[in-house]
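# Survey of secondary and tertiary structure
Chain residues, written in single-letter form:
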Amino acid sequence: VTISYKCSSSSSSSSSSSSGSQVKSVVEVTKLSQINSTLKNGPVLLKVGAEWCSPCKQMKPILTSLATEYAGKATVMSIDIDKSPDLASYFEVETIPDMCVIVGTQNGKYVYMKTDGKVSTTRSQARLVGAKSKSALQKVLDFAIKYRK
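Described in the following lines is the structure provided in the data block.

## With respect to the overall build of the protein chain
In terms of helices and strands, the protein chain carries four helices and nine strands. Listing each helix as α and each strand as β along the protein chain from the N terminus yields β-β-α-β-α-β-α-β-β-β-β-β-α. Counting over 149 residues, the protein chain shows a buried share of 42%. Looking at the protein chain alone, contacts between residues at least 24 apart form 77% of all its contacts between residues at least 6 apart.

Next comes the structure, spelled out in structure tokens:
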């Protein structure tokens, strides 16, 4: 079975990635148990993407910056669809980058923070697709942190 994903288009030119000494602040996820254990410490901003996706590459410095800024309050995690296709299927990803903020679990389902500050167990209602600004992600993370308090 072949699953194909579309990469949301981006008007920016692709930047060359200079990976000298990279800060490991964005946690790569390969199992749901990683998300579950991290949720005990606070909300999780989860990005699903791929190395070959231009908008995903654009998001890398933003996510790294958020991981540093929200250290101790929220965790930024990433799933590579090529390394973990089962997780991409679990989260019903069709277009990348695909992001969401998970605030907890309820009756065995993840609880997601929506952009309006409300929560839902339906991921499609809280999904952020395509490259997003740092401020858009900060807004959802701030809602999630307030929700968890």
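Moving on, there is more to tell.
## Quick notes on the pattern of salt bridges
Side-chain pairs of opposite charge can arise whenever the charged atoms involved come near each other. Applying the stated criterion across every chain yields a total of five salt bridges. Where Lys83 meets Glu28, a salt bridge forms, and the shortest distance between an N and an O atom there is 3.6 Å. Here Glu28 lies in strand E2 (residues 27-28) and Lys83 lies in the loop between strand E4 (75-80) and helix H3 (85-90), a separation of 55 residues in the sequence. The exposure class of Glu28 is partly exposed, given its relative accessible area of 37%. Across the salt bridge formed by Glu69 and Lys134, the nearest N and O atoms sit 3.1 Å from each other. Taken together, the residues span a long stretch of sequence, with Glu69 in helix H2 (residues 54-69) and Lys134 in helix H4 (residues 134-148) at a distance of 65 residues. Classification of Glu69 as partly exposed rests on a relative accessible area of 35%. Sharing partners across several salt bridges, the network here consists of Asp98, Arg123 and Arg127.

## What about H2?
The end-to-end C-alpha separation of H2 is 24 Å, in line with the 22 Å expected for 16 residues at 1.5 Å each. The sharpest bend along H2 measures roughly 30 degrees and falls at Lys60, with the proline Pro61 sitting one to four residues further on. Among the residues making up H2, those that are buried are Pro55, Cys56, Met59, Leu63, Leu66 and Ala67.

## Regarding the nonpolar core
Ile35, Leu46, Phe91 and Ile102 are the most contacted members of the largest nonpolar core, which has 22 residues in total. Taken together, the elements giving at least two residues each to this core come down to helix H1 (32-39), strand E3 (44-49), E4, H3, strand E6 (98-106) and strand E7 (109-113). A total of three residues in this core trace back to one element, the largest contributor, which is E3. The contacts of Ile102, once residues within four sequence positions are left out, are Ile35, Leu39, Pro43, Val44, Leu46, Phe91, Tyr110, Val111 and Tyr112. The next biggest cluster of nonpolar side chains, apart from the first, holds 19 residues, and it includes Leu45, Leu63, Met99 and Val103.

What counts, and where the lines are drawn
- Residues numbered from 1 in each chain as written.
- Predicted model: local features only at pLDDT ≥ 70, side-chain atom pairs only at ≥ 80, totals over all residues.
- Heavy atoms only, no water.
- Helix = DSSP H or I, 4+ residues; strand = E, 2+ residues; numbered from the N terminus.
- Buried < 20%, exposed > 50% of the residue type's maximum accessible area, 1.4 Å probe, protein only.
- Contact = heavy atoms within 4.5 Å.
- Salt bridge = Lys/Arg side-chain N within 4 Å of Asp/Glu carboxyl O.
- Expected span 1.5 Å × (residues − 1).
- Bend = angle between axes of the 7 residues up to and from the residue.
- Core = buried A, V, L, I, M, F, W, Y, C linked by side-chain atoms within 4.5 Å.

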